[in-house]
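Listed here are the chains, written in short residue letters.
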Amino acid sequence: MAGERVRASDKEREQYANMLRAGMTEGRLTLEEGEERLAQVYAAKFRDELSPLTADLPDGGRRGLFELPETQAEFLRQGRRHLARHGAFVAVVAVVLTGLWALSGAHFFWPAIPLFFLVLSVFRHARWRRWAAAGGPPWARRHWGHGPGHGPWAAASDRQGWS
């Protein structure tokens, strides 16, 4: 049974077509080559026929797929939902801890200690979500001395941002 091939779904074919379109948009594929591969994607019946069509693109074409505006918009929507769930969880925990404190009759408001760290975690979650939408934390976006063409050992013509 291991030798049986699995049929490709319409959704899988459309994902590979989007990867090829992104490759064409980036200039990695010519118009003719892209159209030829798109025709092969839509004619493919099995999953194993799809992956060779994007194998020569960076990350198998997946990077181009994630750079599409609709994919980025979906990630932002998911991030908002996760942040809202996180905030709701902290609110429920705050109510439960405050109720336990009221029932215990303690003079010191001890729920303040765990609630401080829980609220801090929500702020941190929001910050990381904002950084993810902007392309990473500020110190990672500067590209000072990172990657090819940067740093004192790069050729003078390859340097970007160095004087």
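Preceding block: the structure.
As a starting point, this report considers the structure included with it.

Describing the packing of helix α1 (residues 10-25) against helix α2 (residues 31-43)
Direction vectors running N to C along α1 and α2 enclose 175 degrees, while the axes themselves pass 9 Å from each other. Judged by the angle between their axes, α1 and α2 are roughly antiparallel. Contacts between α1 and α2 pair R13, E14, Y16, A17, L20, R21 and M24 from the former with L31, G34, E35, R37, L38, V41 and Y42 from the latter. Here the contact of α1 with α2 is built from residues that sort into eight nonpolar, one polar and five charged.

What about the pattern of salt bridges?
Tallying each qualifying case throughout the model produces ten salt bridges. A salt bridge links E49 to R5; the shortest N-O distance between them is 3.0 Å. Within this pair, whereas E49 is found in the loop between α2 and α3 (62-66), its partner R5 is found in the segment before α1, the two being separated by 44 residues in sequence. For E49, a relative accessible area of 31% corresponds to the partly exposed category. Of the charged contacts, one joins R77 and E74 as a salt bridge, the two residues approaching to 2.8 Å between their closest N and O atoms. Pair noted here: R77 and E74 are both in helix α4 (residues 69-104), with a separation of three residues, about one helical turn. Judged by relative accessible area, R77 falls into the partly exposed class, the value being 38%. In this structure E74 comes out as partly exposed when scored by relative accessible area, which is 29%. Put simply, R5, D48 and E49 are held in one network by salt bridges that share partners.

Some details on α4
Across its 36 residues, α4 extends 52 Å between first and last C-alpha, which sits within 8% of the 52 Å expected from 1.5 Å per residue. Among the residues of α4, T71, G79, L83, V90 and L97 are the ones counted as buried. Just downstream of α4, G105 is the residue with a positive phi angle, here 75 degrees.

Some points on the environment of E26
By the element assignment, E26 lies in the loop between α1 and α2. With a relative accessible area of 35%, E26 lands in the partly exposed category. Taking the C-alpha atoms as reference points, E26 and G64, separated by 38 residues in sequence, lie 8.1 Å from one another. Ignoring anything within four residues of it in the chain, the contact list for E26 reads G64 and E67.

A look at the nonpolar core
In this structure, Y16, L20, V41 and L50 are the most contacted members of the largest nonpolar core, which totals 15 residues. Listed by contribution, the elements that provide at least two residues to this core are α1 and α2. A total of five residues in this core trace back to one element, the largest contributor, which is α1. Ignoring sequence-local partners within four residues, the contact set of Y16 consists of V41, L50, S51 and T54.

What about the packing of aromatic side chains?
Applying the stated criterion across every chain, the model contains two aromatic pairs. Aromatic side chains W101 and F109 sit 4.9 Å apart centroid to centroid with 85 degrees between the ring planes, which places their arrangement in the edge-to-face category. Judged by its relative accessible area of 25%, W101 falls in the partly exposed class.

Rules used in this analysis
- Residues numbered from 1 in each chain as written.
- Predicted model: local features only at pLDDT ≥ 70, side-chain atom pairs only at ≥ 80, totals over all residues.
- Heavy atoms only, no water.
- Axes fitted to C-alpha atoms, helices over the stretch in contact; angles between N-to-C directions.
- Helix = DSSP H or I, 4+ residues; strand = E, 2+ residues; numbered from the N terminus.
- Parallel < 35°, antiparallel > 145°, perpendicular 65-115°, else oblique.
- Contact = heavy atoms within 4.5 Å.
- Nonpolar A, V, L, I, M, F, W, Y, C, P; charged D, E, K, R; others polar.
- Salt bridge = Lys/Arg side-chain N within 4 Å of Asp/Glu carboxyl O.
- Buried < 20%, exposed > 50% of the residue type's maximum accessible area, 1.4 Å probe, protein only.
- Expected span 1.5 Å × (residues − 1).
- Core = buried A, V, L, I, M, F, W, Y, C linked by side-chain atoms within 4.5 Å.
- Phe/Tyr/Trp six-rings, centres within 6.5 Å; stacked < 30°, edge-to-face > 60°.

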